[in-house]
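So you can see what is in the structure, the chains are spelled out below.
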Amino acid sequence: SYVVTPLNTEPKNMAEKPESSADNSAAIIEVDKEVIETKIKGIVKWFNVKSGYGFVQRQDTKDDLFIHQSSIAVNNPNKSRKSVGENENIEFDVAKGPKGLEAVNVSGPDGTPVQGSRYARDLRERRGPRYRNFSQSSNPSGRGGIRGGRGGR
């Protein structure tokens, strides 16, 4: 849980003071969020894998809560990015964030890993062949390799 603040503002205490003093830069300051409720069950309304955030609906009060990918505590080990899928049942804690209530410490029911979004790439998924065997596919004589040439005499 991090908050981005401009460097030209004065920090409240010396522990949060950034090292650099550039005017147009920003510093990342870690902030502990105050947990209000624990072990709340809910359903994911939507989650954007590319942006890394979405919204969850609580089952008890039907309120919508913000969820960020950094709040996912138990991720699917087969997914490349932390994410939750639409209409997935999850369990989380409710914390007060800078803009309202957020879901933190997100996991599947009873602490199991979340399923993850179908749009998040699997770890073992390959986008295509890394190398092509040019001597067999493009040149029937078996000579030339990638750039052609006379080959092995």
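Look a little higher up for the structure.
Residues numbered from 1 in each chain as written. Predicted model: local features only at pLDDT ≥ 70, side-chain atom pairs only at ≥ 80, totals over all residues. Heavy atoms only, no water.

Peer 1: Even after reading the chapter, I still don't get the overall build of the chain, so can you show me in this structure?
Peer 2: When its secondary structure is counted, the chain shows one helix and seven strands. Secondary structure elements of the chain occur, N-terminal to C-terminal, as β-β-β-β-β-β-β-α. Scored against the burial criterion, the 153 residues of the chain give a buried share of 27%. The contacts of the chain with a sequence gap of at least 6 include a subset with a gap of at least 24, amounting to 54%. Accessible area of the chain: about 11300 Å², with a carbon and sulfur share of 46%. (Helix = DSSP H or I, 4+ residues; strand = E, 2+ residues; numbered from the N terminus. Buried < 20%, exposed > 50% of the residue type's maximum accessible area, 1.4 Å probe, protein only. Contact = heavy atoms within 4.5 Å. Areas by Shrake-Rupley, 256 points an atom, 1.4 Å probe, with all protein chains shown as cover.)

Peer 1: Would you explain the pairing of strand β3 (residues 34-48) in this entry?
Peer 2: Examined bridge by bridge, β3 and strand β6 (residues 89-97) share seven bridges and lie antiparallel to one another. Within β6, the position partnered with Ile-40 by the bridge is Phe-92. Taking the residues between adjacent antiparallel strands as the criterion, β3 and strand β4 (residues 53-58) are bridged by four residues, where Gly-52 takes a positive phi near 85°. (Pairing = 2+ DSSP bridges.)

Peer 1: How do you make sense of the nonpolar core when you look at a structure like this?
Peer 2: The nonpolar side chains of soluble globular proteins are, as a tendency, buried together. Phe-47, Ile-67, Val-84, Ile-90, Phe-92, Val-106 and Val-114 are the most contacted members of the largest nonpolar core, which totals 16 residues. When contributions to this core are tallied by element, the ones reaching two or more residues are β3, β5 (64-68), β6 and β7 (100-107). Val-106 has contacts with Ile-67, Ser-71, Ile-72, Ala-73, Val-74, Val-84, Ile-90, Glu-91, Phe-92 and Val-114, leaving out every residue within four places of it along the chain. (Core = buried A, V, L, I, M, F, W, Y, C linked by side-chain atoms within 4.5 Å.)

Peer 1: I keep staring at the sheet that holds β6 and nothing clicks. Help me out?
Peer 2: Neighbouring strands of a sheet are bound in pairs by backbone hydrogen bonds; such pairs are parallel or else antiparallel. Pairing in this closed barrel of five strands is mixed, and the strands run β3-β4-β5-β7-β6 around the ring. On average, each strand axis in the sheet is tilted by 50° relative to the strand beside it, whichever way the strands run. (Axes fitted to C-alpha atoms, helices over the stretch in contact; angles between N-to-C directions.)

Peer 1: It is not clear to me how the packing of aromatic side chains should be interpreted in this structure. Could you clarify?
Peer 2: The description of an aromatic ring pair uses the distance of the two centres, along with the angle that the planes make with each other. Following the criterion strictly, the structure yields four aromatic pairs and no others. One aromatic cluster in this structure is built from Trp-46, Tyr-53, Phe-55 and Phe-66. (Phe/Tyr/Trp six-rings, centres within 6.5 Å; stacked < 30°, edge-to-face > 60°.)

Peer 1: Quick question: what am I supposed to make of the pairing of β7 here?
Peer 2: The two faces of a sheet get side chains in turn, since along a regular strand they alternate between them. Strand direction decides the pairing type here: β5 and β7, joined by two bridges, are parallel. Bridging across to β7, Phe-66 finds its partner in Glu-102. Bridge analysis of β6 against β7 gives six bridges, and the strand direction is antiparallel. By the bridge assignment, Gly-97 is partnered in β7 with Gly-100.

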